[in-house]
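Residues per chain are reported as follows:
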Amino acid sequence: MVFILKKILSAFLILLIVSFSLSYSYADEDEIYPVDKIIGQENDCVILATIIGIENNSIQLSNEYEVYPKNSNLPSTITVDNFKYSYCTEHSTNYNNPKFGDNIIINLTKADGKFMVGTGAYKVDTVSFSKLKVLIPHGMQGEECGTQLLALAHYIRTDGKQTQYKYDGKEVISINDNKLLNDYEADYIAYNDIVENNSESDQVKEDSFTNSKYFEFTVITLLIICLAMGGFLINFITKKIIK
């Protein structure tokens, strides 16, 4: 009986640890870069827009410029369900809450006559594609997740023409026109932080901890600790029974 209990506990612990490791390696291997999130799928739309209204469950967008496709006959005002920006949650804790007046680049898809946020959305300083900068929080400055947004800026500034990029650590290269985009950082990216606003009508609330990878890590760690303690207790009790 003792031998069987030990075998079951050991097998369960090994399975849990392997699953934990695979979940993180899978996430790393399948990383989707910001510009790829925005470009999305063939039938998606990419627009520059301004947030003109936020209600309990929806956000109203003013369609200011269509990056892709051109002349798609999108309405001038588009309503979508509440969404979050796509910044790295590790370095932009509370930056993913859309606010009234934000200028954004956003991927949209449509199903059953309803517009939905597709694969990504980021803040920009203006809706003029030829001179805008992508806005990112100071926490992403110098991080790979921050420099990757150089590709997004280049994609927009070229009016959606440049779509192929290479990432080598903190270097970003535009493949088609062979440009090292790090040389354009001052012109492509602006660092800023959020202005806190507790009004429910002006921001979408977010629990940044439960939406981050650290929440998953904490839960799994606690489970492992509980299982280890359970194994200790089982071993202790079985020894007492044997005695």
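So, here's what we can say about the structure. (Residues numbered from 1 in each chain as written. Predicted model: local features only at pLDDT ≥ 70, side-chain atom pairs only at ≥ 80, totals over all residues. Heavy atoms only, no water.)

1. Examining the overall build of the chain
Line of reasoning, step 1. Along the chain, the regular secondary structure elements total six helices and ten strands.
Line of reasoning, step 2. Counting the 243 residues in the chain, one finds 36% classified as buried.
Line of reasoning, step 3. Counting only carbon and sulfur atoms, one obtains 56% of the accessible surface of the chain, whose full area is about 13,900 Å². (Helix = DSSP H or I, 4+ residues; strand = E, 2+ residues; numbered from the N terminus. Buried < 20%, exposed > 50% of the residue type's maximum accessible area, 1.4 Å probe, protein only. Areas by Shrake-Rupley, 256 points an atom, 1.4 Å probe, with all protein chains shown as cover.)

2. Focus on the sheet that holds strand 7 (residues 165-168)
Line of reasoning, step 1. Ordered by their spatial adjacency, three strands build an open sheet running 7-8-9, and the pairing between neighbours is antiparallel. Two strands lie at the open edges of the sheet, namely strand 7 and strand 9 (179-180), each paired on one side alone.
Line of reasoning, step 2. Of the strand pairs in this sheet, strand 7 and strand 8 (residues 171-174) are connected by four bridges, and their pairing is antiparallel. Bridging across to strand 8, K166 finds its partner in I173.
Line of reasoning, step 3. Across the sheet, helix 4 (residues 149-157) lies against strand 7, strand 8 and strand 9, angled at about 160° from strand 7, the strand it touches most. (Pairing = 2+ DSSP bridges. Contact = heavy atoms within 4.5 Å. Axes fitted to C-alpha atoms, helices over the stretch in contact; angles between N-to-C directions.)

3. As for the pairing of strand 3 (residues 77-81)
Line of reasoning, step 1. Of the two faces of strand 3, the one lined by I78 and V80 is fully buried and the one lined by T77, T79 and D81 carries no buried residue.
Line of reasoning, step 2. One ladder, built from five bridges, connects strand 2 (residues 58-68) with strand 3; its direction is antiparallel. Looking at the pairing, L61 lines up with I78 of strand 3.

4. Quick notes on helix 4
Line of reasoning, step 1. Most of helix 4 is tucked away, with nine of its nine residues classed as buried.
Line of reasoning, step 2. By the burial criterion, the buried members of helix 4 are L149, L150, A151, L152, A153, H154, Y155, I156 and R157.
Line of reasoning, step 3. Immediately beyond the C-terminal end of helix 4, within one or two residues, lies D159, with a positive phi of roughly 60°.

5. Some details on the packing of aromatic side chains
Line of reasoning, step 1. Across all of its chains, the model carries seven aromatic pairs by this definition.
Line of reasoning, step 2. An angle of 15° between the planes, with centres 4.9 Å apart, marks the rings of Y65 and F129 as stacked. Of this pair, Y65 sits in strand 2 while F129 is found in the loop between strand 5 (114-124) and strand 6 (134-136), placing the two residues 64 residues apart along the sequence.
Line of reasoning, step 3. Both rings, one in Y85 and one in Y87, keep their centres 6.2 Å apart while their planes meet at 80°; by these two values the pair is edge-to-face. Per residue, the accessibility class of Y85 equals that of Y87, and both read buried.
Line of reasoning, step 4. An aromatic cluster of at least three residues, connected via ring pairs, comprises F83, Y85, Y87, Y95 and Y122.
Line of reasoning, step 5. Here K123 stacks its cationic end above the ring of Y95, 4.7 Å away from the centre of that ring. (Phe/Tyr/Trp six-rings, centres within 6.5 Å; stacked < 30°, edge-to-face > 60°. Lys NZ or Arg CZ within 6 Å of the ring centre and 35° of its normal.)

6. Examining the pattern of salt bridges
Line of reasoning, step 1. The full count for this structure, using the stated rule, is four salt bridges.
Line of reasoning, step 2. Across the pair D187 and R157 runs a salt bridge whose closest N-O atoms are separated by 2.8 Å. In this pair, D187 sits in helix 5 (residues 185-188) while R157 sits in helix 4, placing the two residues 30 residues apart along the sequence.
Line of reasoning, step 3. Judged by relative accessible area, R157 falls into the buried class, the value being 17%.
Line of reasoning, step 4. When salt bridges with common partners are traced through the structure, they connect K70, D159 and K161 into a single cluster. (Salt bridge = Lys/Arg side-chain N within 4 Å of Asp/Glu carboxyl O.)

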